[in-house]
Amino acid sequence: MVLIMGWGGGQAKDLGPVAPATCPNCHNAVYLHHVRSNKQFSLYFVPLASYGGNEYLACPICQHAMQVPPGQQERIVNMRAATASFRQGHVPEAYYLQTVEAFWRAIGVNPSGQQVLHGPADVLPPPAPPADDTASEGPSLAEQLHNLGELRQQGVLTDEEFTAAKKRVLEG
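An account of the accompanying structure is given in this report. (Residues numbered from 1 in each chain as written. Predicted model: local features only at pLDDT ≥ 70, side-chain atom pairs only at ≥ 80, totals over all residues. Heavy atoms only, no water.)

Attention now goes to the overall build of the protein. Scanning the protein from N- to C-terminus turns up four helices and four strands. Put simply, the protein runs from its N terminus to its C terminus through helices and strands in the order β-β-β-β-α-α-α-α. For the protein, buried positions account for 28% of its 172 residues. The long-range fraction of contacts in the protein, counting pairs at least 24 apart against all pairs at least 6 apart in sequence, stands at 56%. Within the structure as shown, the protein displays about 11,300 Å² of accessible surface, and the carbon and sulfur contribution to it stands at 54%. (Helix = DSSP H or I, 4+ residues; strand = E, 2+ residues; numbered from the N terminus. Buried < 20%, exposed > 50% of the residue type's maximum accessible area, 1.4 Å probe, protein only. Contact = heavy atoms within 4.5 Å. Areas by Shrake-Rupley, 256 points an atom, 1.4 Å probe, with all protein chains shown as cover.)

Here is the structure:
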């Protein structure tokens with residue numbers, strides 16, 4: 001009787017683009033992709049159970065990857081959703097750029113304190129033209145969101161107050 005068993009890294013699954021960055025390997029301006037690799041135990045080449053895995057941010061051009069630090073998966077998922085919303089035109093560019101900057105500040109620094117990845121402005125597609133050419137009174141949506149972000153950074157607004165104010169501005 002022959003019994004064939006195996007274990008090891010399973011297939012890598014691309015979960016989609018996360019955020020614009022300059023690849024540290026090939027230096028291309030790209031949207032890094034979220035890639036998940038599950039380790040599996042198999043019997044007769046049939047996967048039976050997963051016993052771990054890794055998540056990476058990978059360059060779609062050169063396939064260079066950076067392992068996602070433990071506990072950062074939720075940030076990756078949230079940024080992936082923000083990127084999808086931006087690419088579909090649901091999020092203003094200024095707000096998206098702030099989100100990208102905050103994301104890289106939270107995740108783009110290696111343990112020695114050196115910046116591994118950075119989000120270049122030239123990665124983003126050109127901004128969509130305004131819906132109408134009439135001048136609006138008061139600050140634009142992007143300016144309002146920027147001002148709210150500055151108030152939160154200065155400690156004037158708490159996270160809850162910032163979230164509530166941002167919701168009012170976006171609905172309004």
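Moving on, we come to the packing of aromatic side chains. Summed over the entire model, instances satisfying the criterion amount to two aromatic pairs. Geometrically, the ring pair formed by Phe103 and Trp104 is edge-to-face, given 4.9 Å between the ring centres and 65° between the ring planes. When its relative accessible area of 5% is taken as the criterion, Phe103 is described as buried. Trp104 sits in the buried class, given a relative accessible area of 6%. It is Arg87 that lies over the ring of Tyr31; its NZ or CZ is 4.1 Å from the centre. (Phe/Tyr/Trp six-rings, centres within 6.5 Å; stacked < 30°, edge-to-face > 60°. Lys NZ or Arg CZ within 6 Å of the ring centre and 35° of its normal.)

In contact at an axis separation of 11 Å, helix H1 (residues 73-87) and helix H2 (residues 93-107) are set at 160° when each is read in the N-to-C sense. Between H1 and H2, the crossing angle belongs to the class labelled roughly antiparallel. Remark: the crossing between H1 and H2 carries left-handed chirality. Counting all contacts with H1, which are made through Arg75, Ile76, Met79, Ala82, Thr83 and Phe86, the residues of H2 involved are Glu93, Tyr96, Thr99, Val100, Phe103, Ala106 and Ile107. Considered class by class, the residues forming the contact of H1 with H2 number nine nonpolar, two polar and two charged. (Axes fitted to C-alpha atoms, helices over the stretch in contact; angles between N-to-C directions. Parallel < 35°, antiparallel > 145°, perpendicular 65-115°, else oblique. Left-handed = near helix turned anticlockwise from the far one by under 90°. Nonpolar A, V, L, I, M, F, W, Y, C, P; charged D, E, K, R; others polar.)

This next bit is on the environment of Tyr31. Here Tyr31 shows up in strand S2 (residues 29-43). Residues Tyr31 and Ala58, spaced 27 residues apart in sequence, show a C-alpha to C-alpha distance of 8.9 Å.

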